[in-house]
Amino acid sequence: MTLPEGATVIDLRPEDLRAADPLGDLTARPVRAVSLQAIEDGAHGLTPDLGPLVVICERGVRSGLAARYLSADGLDARAYPGGVPALRVALRGDEAGGN
């Protein structure tokens, strides 16, 4: 899966994982750290002007749930299948393909 143009990446990982492996080092897309709890509570502060939201977690398990909650809030949200490892592989493939 490629990241759509104009997308904002929503990083669900705990702070220690975000600090150890920042998604901003992998993509030029804007990245927002939001907890699953904040999304479940509707206290995420995300708005439609952020563009499509691509939700990512460490392994791809929690991102699907978070994307469903965000979609129920009226946002264009989808989970990134496979989590950060899959994103890393996809972006390496883009680089190899010249994208």
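Residues numbered from 1 in each chain as written. Predicted model: local features only at pLDDT ≥ 70, side-chain atom pairs only at ≥ 80, totals over all residues. Heavy atoms only, no water.

Asks: What should I look at first to understand the nonpolar core in this one?
Replies: Looking at soluble globular proteins, one finds that nonpolar side chains tend to be buried together. If you look at the biggest cluster of nonpolar residues, it comprises 16 residues, and the most contacted ones within it are Leu46, Leu53, Val55 and Leu70. In this structure, Leu53 is in contact with Thr8, Ile10, Leu46, Leu70, Leu75, Asp76, Ala77 and Arg78, ignoring residues within four places of it in sequence. Membership of the second largest hydrophobic core comes to 10 residues, among which are Leu3, Val9, Val54 and Tyr80. (Core = buried A, V, L, I, M, F, W, Y, C linked by side-chain atoms within 4.5 Å. Buried < 20%, exposed > 50% of the residue type's maximum accessible area, 1.4 Å probe, protein only. Contact = heavy atoms within 4.5 Å.)

Asks: Is there a simple way to explain the pattern of salt bridges in this structure?
Replies: Scanning the model with the defined rule gives five salt bridges in all. The salt bridge involving Glu5 is made with Arg29; its shortest N-O contact spans 3.4 Å. Placement of Glu5 in the segment before strand E1 (8-11) and of Arg29 in the loop between helix H1 (15-20) and strand E2 (31-33) is noted, with a sequence separation of 24 residues between them. Residue Arg88 is joined to Asp21 by a salt bridge in which the shortest nitrogen-to-oxygen separation is 2.2 Å. Residue Arg88 is found in helix H4 (residues 83-96), and its partner Asp21 is found in the loop between H1 and E2; the two are separated by 67 residues along the sequence. Residue classification places Asp21 among the partly exposed positions, given a relative accessible area of 25%. Bridged by salt links that share partners, the residues Asp11, Arg13 and Glu58 form one connected network. (Salt bridge = Lys/Arg side-chain N within 4 Å of Asp/Glu carboxyl O. Helix = DSSP H or I, 4+ residues; strand = E, 2+ residues; numbered from the N terminus.)

It is worth stressing that arrangement in space is one thing and function is another; only the former is reported here.
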